[in-house]
Amino acid sequence: MREGEYNHDIWRIVMANHRAPRYSWGDLHAMLASLDIAEKRVHELLDAYGMERITTISAQLQDYAERWMREELRTIPDGEYTFEDHMEDASDPPMKDWVRLRVVVDDGSIIADFTGSDPQGPHVLNCTYGVTASGVYNAIFNLVDDDIPHNEGSYRPITVIAPPGTITNVMEPGPSVGGNTETHPRLWEIVLGAMSKAVPDRVAAATGGTSCNFLFGGVHPNTGRFYAHYHFDGVGWGGRSHADGNDNLCVPNGNCRATPVEIFETRYPFVEWSYRLRNDSGGPGEHRGGLGSERVLEVRAPEINVSALYDRMVSPPWGLFGGGDAATSSLLVRRVGDDEYRTFREAYGTKSNSRIANIKLKRGDRVMLCSSGGGGFGRPTDRPAELVLEDVLDGYVSVEAARDLYGVEIESSNGESVLNDDKTEAHRTASRPEGETS
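Residues numbered from 1 in each chain as written. Predicted model: local features only at pLDDT ≥ 70, side-chain atom pairs only at ≥ 80, totals over all residues. Heavy atoms only, no water.

## Examining the overall build of the chain
Then, in step 1: Broken down by element type, the chain carries 10 helices and 16 strands.
Then, in step 2: Taking 2.2 N^0.38 as the reference for a compact globule, 438 residues should give roughly 22 Å; the C-alpha atoms of the chain span a radius of gyration of 25 Å, in line with that estimate.
Then, in step 3: With respect to the principal axes defined by its C-alpha atoms, the chain has extents near 75 × 60 × 45 Å.
Then, in step 4: Going through the 438 residues of the chain one by one, you find that 46% of them count as buried.
Then, in step 5: Taking all contacts inside the chain whose residues are at least 6 apart in sequence as the whole, residues at least 24 apart take part in 69%. (Helix = DSSP H or I, 4+ residues; strand = E, 2+ residues; numbered from the N terminus. Rg over C-alpha atoms; globule rule 2.2 N^0.38 Å. Buried < 20%, exposed > 50% of the residue type's maximum accessible area, 1.4 Å probe, protein only. Contact = heavy atoms within 4.5 Å.)

What follows is the structure, given as structure tokens:
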């Protein structure tokens, strides 16, 4: 825009370089509208109070947030805490890029030092420094009072060290776009993993740890127009000291919801055959990890071009304090004429199962998107038997997992379920919904 008017030459360049310019036009105008509103409100604020007073108040608010943050951080025991985890590529053999963290807590301040992390790689999972810093801030705000103002002052007590040229501070020309969707939430988890040794009651086990990036596009057979879509799926979140993890939520940095079934079927040439929570995908624990999802799509166009970026296909999301690992993610395809779902490496000869690009699905092919669950918190044998039974009745946990992982046997007889709880040697009965069987 120039002085409130369209700069048409720039718009022509932008729109000519997008295959689906209608969507880009709408997105850009939403951004312009938000900037117009922000500009209007800033002027209203300045007109009401004046520049000098606003400047003074802003400084005071930042100082106030800093004092509050330091008070909260002083509730964390001083010391050094470490943790490490890795990003991965489901190739053969799998590739792993390690992120190593040392956290120093000292009298109301925190240093998060990623020195020792692997060098940046030839892949998109590298992070810019800004993404790494925001991942640390995100995690720390989960440990303190949520009412602390999120302004410059609240960040002053937090120092982030990320050596240039590593996976946590990529240097040009290293790629980094996947650092936003995949590595940021992993950094969040790594910080919580380190802090679990200091404040175990404030942290959670690992989330599913991937945005399940599934991208596709083509020419719609009904309209003859280009379409493109960037799809995310939710994952299970980790169990906590006081509650189970939540099911099928976007990763901790997420601001993009999973695509509803109706959108797939009305806007794009897919039919969605199923969309469900994955049985047994949550890590077992006294507080169970949340469940991931499974989604099955069938192509209803001559061709759809797909790409994907997943994580947690090789190493499962971890549990804490005796809690079990969760189920890993997967991306499978069943081509026309095949009666089995296969990995993309098996079906198309791709190098990786988690990073694929420009695969052409044909009419009738089905793709299965499976997201990972959240890790368990605490020993599974400490979970009350009644809660295990509820999980089985709700379809979250199988009878076999109840027996093998939780030590609870469930038998069905004449409409009643009987629990044999080896932990307490107690014998309990619970009514089942009519018509259900174990």
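## A look at the nonpolar core
Then, in step 1: Formed by 44 residues in total, the largest nonpolar core has its most connected members in M69, L101, F114, V136 and M195.
Then, in step 2: Those elements giving two or more residues to this core turn out to be helix 3 (51-73), strand 1 (79-89), strand 2 (95-105), strand 3 (110-113), helix 4 (129-141), strand 4 (158-161) and helix 6 (177-195).
Then, in step 3: Here this core takes 7 residues from helix 6, the largest share from any one element.
Then, in step 4: Judged by nonpolar contacts, the second largest core, of 27 residues, contains F264, Y268, V333 and L369. (Core = buried A, V, L, I, M, F, W, Y, C linked by side-chain atoms within 4.5 Å.)

## Some remarks on a nonpolar patch on the surface
Then, in step 1: The grouping of M1, Y6 and W25 at the surface amounts to a nonpolar patch, some 320 Å² of accessible area in total.
Then, in step 2: Relative to the assigned elements, W25 resides in helix 2 (residues 21-49). (Patch = residues over 30% accessible without salt bridge, like charges linked within 9 Å, V, L, I, M, F, W, Y side chains within 5 Å. Areas by Shrake-Rupley, 256 points an atom, 1.4 Å probe, with all protein chains shown as cover. Salt bridge = Lys/Arg side-chain N within 4 Å of Asp/Glu carboxyl O.)

## Focus on the pattern of salt bridges
Then, in step 1: Under the criterion given, the structure shown has 28 salt bridges.
Then, in step 2: For R74, the salt bridge goes to D107, with nearest N and O atoms at 3.1 Å. Of this pair, R74 sits in the loop between helix 3 and strand 1 while D107 sits in the loop between strand 2 and strand 3; the two residues are 33 residues apart in sequence, bridging distant segments of the chain.
Then, in step 3: Judged by its relative accessible area of 44%, R74 falls in the partly exposed class.
Then, in step 4: Under the relative-accessibility criterion, D107 is labelled partly exposed at 48%.
Then, in step 5: Ionic pairing is found between E298 and R300, a salt bridge with its closest N-O pair at 3.2 Å.

## Observations regarding the packing of helix 1 (residues 8-16) against helix 2
Then, in step 1: At their nearest, the axes of helix 1 and helix 2 sit 9 Å apart, and the two run at 130° to each other. One way to sum up the angle between helix 1 and helix 2 is to call them oblique. Contacts from W11, V14 and M15 of helix 1 reach helix 2 at P21, S24, W25, L28, H29 and L32.
Then, in step 2: Its residues placed into classes, the contact of helix 1 with helix 2 shows 7 nonpolar, 2 polar and no charged. (Axes fitted to C-alpha atoms, helices over the stretch in contact; angles between N-to-C directions. Parallel < 35°, antiparallel > 145°, perpendicular 65-115°, else oblique. Nonpolar A, V, L, I, M, F, W, Y, C, P; charged D, E, K, R; others polar.)

## Quick word on the layout of surface pockets
Then, in step 1: Space inside the largest pocket adds up to approximately 930 Å³.
Then, in step 2: Forming the boundary of the largest pocket are 38 residues, of which F216, A228, H229, Y230 and H231 lie nearest the centre.
Then, in step 3: The greatest single-element share of the lining of the largest pocket, amounting to 6 residues, is contributed by strand 6 (residues 226-231).
Then, in step 4: Considering only residue class, the lining of the largest pocket consists of 22 nonpolar, 11 polar and 5 charged.
Then, in step 5: Considered as a void within the structure, the second largest pocket measures approximately 250 Å³ in volume. (1 Å grid on protein atoms, 1.4 Å probe; cavity = no way out; pocket = protein on both sides within 12 Å on 5 of 7 lines; lining within 4 Å. Points joined across faces, edges and corners; volume = space filled by probe spheres on them.)

## Side note on the confidence of the model for the chain
Then, in step 1: Looking at the chain as a whole, the pLDDT averages 92, with 94% of positions reaching at least 70.
Then, in step 2: A low-confidence stretch, residues 423-438 (pLDDT under 50), is modelled with 36 contacts involving residues beyond four sequence positions or located in other chains. (pLDDT = per-residue confidence, 0-100.)

## Some remarks on the packing of helix 4 against helix 6
Then, in step 1: It is at 8 Å that the axes of helix 4 and helix 6 come closest, and there the two elements cross at 45°. In terms of orientation, helix 4 and helix 6 fall into the oblique class. Here helix 4 runs over helix 6; the crossing is right-handed. For the pair helix 4 and helix 6, the contacting residues are V131, T132, S134, G135, V136, N138 and A139 in the first and G179, N180, H184, L187, W188, V191 and L192 in the second.
Then, in step 2: In terms of residue class, the contact of helix 4 with helix 6 is built from 7 nonpolar, 7 polar and no charged. (Left-handed = near helix turned anticlockwise from the far one by under 90°.)

## Quick notes on the sheet that holds strand 3
To summarise the sheet geometry, strands pair through backbone hydrogen bonds and adopt either a parallel or an antiparallel arrangement.
Then, in step 1: Strand order across the open sheet formed by 4 strands is 1-2-3-4, with mixed pairing between neighbours. Every other strand in the sheet has two partners, leaving strand 1 and strand 4 as the edge strands with one partner each. Geometrically, the sheet is characterised by an average inter-axis angle of 15° between neighbouring strands, direction not taken into account.
Then, in step 2: Sheet strands touched by helix 4: strand 3 and strand 4. Its angle to strand 4, the strand with the most contacts, is close to 140°. (Pairing = 2+ DSSP bridges.)

## Some points on the packing of aromatic side chains
Then, in step 1: As enumerated under the stated definition, the model contains 18 aromatic pairs in all.
Then, in step 2: An angle of 55° between the planes, with centres 5.0 Å apart, marks the rings of F83 and W318 as tilted. On the criterion of sequence distance, the pair formed by F83 in strand 1 and W318 in the loop between strand 9 (303-309) and strand 10 (330-334) is long-range, its members being 235 residues apart. Take F83 and W318: they sit in the same class, and that class is buried.
Then, in step 3: Ring centres 5.8 Å apart and planes at 75° place the aromatic pair F141 and Y155 in the edge-to-face group. One end of the pair, F141, is in helix 4; the other, Y155, is in helix 5 (residues 152-155), and 14 residues separate them in sequence.
Then, in step 4: Since its relative accessible area comes to 24%, Y155 is described here as partly exposed.
Then, in step 5: Linked through ring pairs, F214, F216, Y227, F264, Y268 and F270 together constitute an aromatic cluster.
Then, in step 6: Sitting over the ring of Y23, R22 keeps its end group 5.1 Å from the ring centre.
Then, in step 7: In this structure, R295 packs its charged tip against the face of Y275, placed 3.8 Å from the ring centre. (Phe/Tyr/Trp six-rings, centres within 6.5 Å; stacked < 30°, edge-to-face > 60°. Lys NZ or Arg CZ within 6 Å of the ring centre and 35° of its normal.)

## Considering the pairing of strand 9
Looking along a regular strand, one sees the side chains alternate between the two faces of the sheet.
Then, in step 1: Most of strand 9 is tucked away: 5 of the 7 residues are buried.
Then, in step 2: Here strand 5 (residues 213-219) pairs with strand 9 via 5 bridges, running antiparallel. Considered in strand 9, the bridge of N213 is made with L309.
Then, in step 3: With 6 bridges joining them, strand 9 and strand 12 (residues 355-362) adopt antiparallel strand pairing. By the bridge assignment, I304 is partnered in strand 12 with L361.

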